[in-house]
Structures are given as structure tokens and as C-alpha cells.
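# Structural features, examined
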Amino acid sequence: MRLHGSMQIIENELSIGGVPCTELAKKYSTPLYVIDEKLIRQNCREYIDNLNVKEGKNKVAYAGKAFLPTNMCKIIDEEGMNLDVVSGGELYTAYKAGFPMDKVFFHGNNKTKEEISMGIEFGVGRFVVDNFYELDLIEQICEEKNREQEIYFRITPGIEAHTHEYIKTGQIDSKFGFALTNGDLGRAIERLQNYGKIKLVGLHAHIGSQIFEIEPYLDTVDIMMNLVKEVKEKYSLSLTEVDLGGGMGVYYTKEDSPIEIKDFCKAIVNRAEETCKNLSIDVPVLVVEPGRSIVANAGSTLYTVGSIKDIKDVRVYVSVDGGMTDNVRPSLYHAGYECSIVNKVNNETVNKVTIAGKCCESGDILIADTDIMDIESGDILITTSTGAYGYSMASNYNKIPRSAVVTVLEGNDRLICKRESYEELLSLEVR
């Protein structure tokens, strides 16, 4: 199992942020999400430093869908980041956390009238407009509230990155954005001529998630900069911002070879400057929207081992007290993870087992056929790199309460999301 961030092995026991994992499990119970705050802040700073944000040129917007308790909003605000939200709930979370609304980008392919109204009322910086329906709604609500709103148009650039089918978004056949091939972008720009409350300031594209190659991003830069020039020449409209989305891959297992943050940022900046020079246009403000690459490796999940079922000559099932309710990605995407026993980290891996969840589903498997040390009921097992899309995609399937979240930093642990009680589980039901 690869160690990430502030993970250390001391006398064969794993600690994170200077806190032994066994102590965390004893204090907060399991399943438990553990967030390495130091690593999150390091990743934020690496983006900020290498995308030239401090020089006032560009912006980094954290993709909140990856992990967005109010505590995370405060961290990214302190680190000088913008924020990408995709729902009224994420927007409201940011608002209640005191995050600056003018630094918010509001995404989504089917924003409701209520969500759009909330965004305009709160004063979000940019709506990333996905379709004609939304465009009309924003103009209508702005008229009603006598507000003006800056927007981006989201486009599908026609790039298919090598990633899972469910997380491809840049190809033409996508539910997201205005297509280039059928003229939708041009028609959207022309429609703006009839509106008085909306100002188009930029374009947005997102080609997918968990991408390990830099070339698709560089192709996206070329497409977007050529669009900026085309819009200027055809519609006499100067676009000053280009949002290139996120999607940079991270390490989950030894099969993964992610791009370094600094290399990604520098490649994007250099390509934009080169392409704009060749096109004889000014370099727009560049925006990137990392989510997974900020938080994935900074998160781990602790479980307590329960039943161990040895089906002779078939498989050994090691069941834990969580599963698809706290990490649905293995069931949804067949996503891979690494694991270990926190107080036996240096022991020899002598057994091949399958880590199973407790849900009443045959597909509730966290890790299939993994090598692990001697394992017993009551051991504390850790799965790493669960910071992105673990807690944010958690559910109450089988009426299982959602798990607690703690942050660790320099020997201190802090509860940021309480464990859901059975009574809280029923709190919205009318009895």
C-alpha cells in the first residue's frame, strides 16, 4: 500500500497527520473518513503557485462535488481558491460557510428555477450555462430581480479522453454543453443579442475525469483559443476567460500513473501562451477546476473487520462494517483501491482475500482479490485515496447511517461531520 501525504509507519502502526489510526478508530468508531488537511493545503498551493494565480493572471476553482463539507469551503477560501458548485445544496453549503459568492462558478446541466434564483440572489460570480432552457431562465429571473449576471457557455469540444465511459464528458454525444458541430454555440451567442441582463465573458469545457494524459488537455486549449478568436471575428465579442475544467487523474493503485500538478499547470499555461501568440490574440484568464486531485489521496477510510468466510478453493471473503454506502465507486465503476491493516502495516502479505461490504448486495465489494497480511476479526482495515467521492456519494441504503469525518493535522484530530444516528436517519420521515 502506497503512503500518501503525512502518513507514517511507527513501530508497525500507521498514523496520519501524527495521529495513530487505531486511536482514531477507538475515539470515533468505524467506518470513519480520515482527511489529511496538510496534504489538501499542499495540493491547493501547488495549483495556485504553478498556474500563476498569485500574479493575478489565472484562477483555480475547487470542484466541490468531490468533497464539500463547510470545513472544506473554509480551507479552500483560506488557500485563495475559487469554488465550482453543481447544485443548490452545494451552493447553500458554500453560502453558510461564508465562502465569497463572487468566487463561485455555478455548473449543472439542468439547474432548476429555484437553484438559479438562489444563485442570482446570493450573487454568484459565474453561471456556467449548459443549454438554451437555462439561458432563458437566467435572463427571465435577472429581469424579475433587476440583476445582471456574467456567464460562461459550456461547450463539448469533441475530445474523448481515455477514461471510464461514465465519466467522459467532452465527446459530442454528451448530456453536457452546447455542441460545436451542429451550430448550437453560434445560436446561443446570437440569442444573447435579444437579452439585456446577461453578459457572456468566457467559455468552459470539461473533457472527463481520472485522465492520465496531458495531450487531451492541450488539444482542448487549442480548440478553446481558436473559439475565442472565432467569436471575436464573427460576433465582435471579446471573451476574456477560458475555463478548461478538471479531471486530472490520481493514484489509486499501482496501475495508475498520474501527471504531477506542477507539470499539468505549466503545460496548460505554456500551451495557451503559444497558441494565443500564433493566433494573434490576448491570452485570456485561464481557469482550471480540480477536485479529485486536491482531495482523493488526502482521504482514507477506516473499517473494523467482522466475519471472515473461507470458501475452500474458491475465495476468502473479509467483511467490514461499511461498504457501498460509504464508497460506491467500486460497485459503480469497478474502481480499484489499496488497503492494509493499520497495526500490521509492515507484516508480510501472505493471504489473497476479497474485502466485502455489509450491504445486502452481491456487488458490494470494496476490493477484489487483494494481497494482505494475516487478518483477524476486530482488526482495523484502511482503504486509501477515498477523499474524493467517498463521503460526497455516501447513501443510506439498507438504512445504514452515514459515517463521521475527521481531519488530522500536526498531531491533532478534529470532527468535521458527525456520525449519523438512527434517530437522525428517520428525521425527515413523517410518522
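Everything numeric in this text was worked out from a predicted model, so none of it was measured. (Residues numbered from 1 in each chain as written. Predicted model: local features only at pLDDT ≥ 70, side-chain atom pairs only at ≥ 80, totals over all residues. Heavy atoms only, no water.)

## A closer look at the overall build of the protein
- Each helix and strand in the protein was counted, giving twelve helices and 21 strands.
- Taken over C-alpha atoms, the radius of gyration comes to 23 Å for the protein, in line with the 22 Å a tight globule of 431 residues would show.
- Counting only C-alpha atoms and orienting by the principal axes, one finds that the protein spans roughly 70 × 55 × 40 Å.
- Sorting the 431 residues of the protein into buried and exposed places 56% on the buried side.
- Summarising the internal contacts of the protein: among those between residues at least 6 apart in sequence, 68% fall at separations of at least 24. (Helix = DSSP H or I, 4+ residues; strand = E, 2+ residues; numbered from the N terminus. Rg over C-alpha atoms; globule rule 2.2 N^0.38 Å. Buried < 20%, exposed > 50% of the residue type's maximum accessible area, 1.4 Å probe, protein only. Contact = heavy atoms within 4.5 Å.)

## Regarding the UniProt feature "binding site: pyridoxal 5'-phosphate" (unreviewed entry) in the protein
- When the UniProt feature table is mapped onto this chain, "binding site: pyridoxal 5'-phosphate" (unreviewed entry) is found at G247, E289, P290, G291, R292 and Y389.
- Sequence-distant contacts of P290, defined by excluding residues within four places in its chain, comprise Y47, V60, A61, Y62, A63 and G246.
- Secondary-structure assignment places G291 in the loop between strand 13 (285-288) and helix 10 (292-295).
- For G291, a relative accessible area of 6% translates into the label buried.
- Beyond its immediate sequence surroundings of up to four residues, G291 is in contact with Y62, A63 and A66. (UniProt positions renumbered as here; feature names shortened; annotations may be inferred.)

## Here we look at the pairing of strand 5 (residues 59-63)
- Counted residue by residue, strand 5 has four buried out of five residues, so it is predominantly covered.
- By the bridge criterion, three bridges tie strand 5 to strand 6 (residues 82-85) in an arrangement that is parallel. Bridge assignment links Y62 to a residue of strand 6, and that residue is L83. (Pairing = 2+ DSSP bridges.)

## So, helix 7 (residues 184-191)
- Those residues of helix 7 lying buried are D184, L185, G186, A188 and I189.
- Looking at the buried positions of helix 7, the neighbouring elements they touch are helix 6 (132-145), strand 9 (149-156), strand 10 (178-179), strand 11 (198-204) and helix 8 (215-235).

## Some thoughts on the UniProt feature "modified residue: N6-(pyridoxal phosphate)lysine" (unreviewed entry) in the protein
- UniProt's feature table lists "modified residue: N6-(pyridoxal phosphate)lysine" (unreviewed entry) at K65, given in the numbering used throughout.
- The topology assignment puts K65 in the loop between strand 5 and helix 3 (70-78).
- A residue is classified by how much of its surface remains accessible, and K65, at 36% relative accessible area, is partly exposed.
- Discounting residues that sit within four places of it in the chain, K65 has contacts with V86, E90, Y389 and S392.

## Side note on unusual backbone geometry
- Backbone torsion omega between T30 and P31 reads -5°, so that peptide bond is classified as cis.
- Mapped onto the secondary structure, P31 falls in the loop between helix 1 (21-28) and strand 4 (32-36).
- Not every positive phi belongs to a glycine, and S236 is a case in point at roughly 55°.
- Along the chain, S236 falls in the loop between helix 8 and strand 12 (241-243).
- One non-glycine residue, Y389, lies in the positive phi region at around 65°.
- Here Y389 lies in the loop between strand 19 (380-384) and strand 20 (404-409).

## Details of the side chain of N71
- By secondary structure assignment, the location of N71 is in helix 3.
- When its relative accessible area of 9% is taken as the criterion, N71 is described as buried.
- Excluding its chain neighbours within four sequence positions, the residues that come into contact with N71 are T407, R414 and I416.

## Brief notes about the sheet that holds strand 1 (residues 8-10)
- In space, the three strands of this open sheet follow the order 1-2-3, with antiparallel pairing throughout. On the outer flanks of this sheet lie strand 1 and strand 3 (19-20), each paired with one strand and no other.

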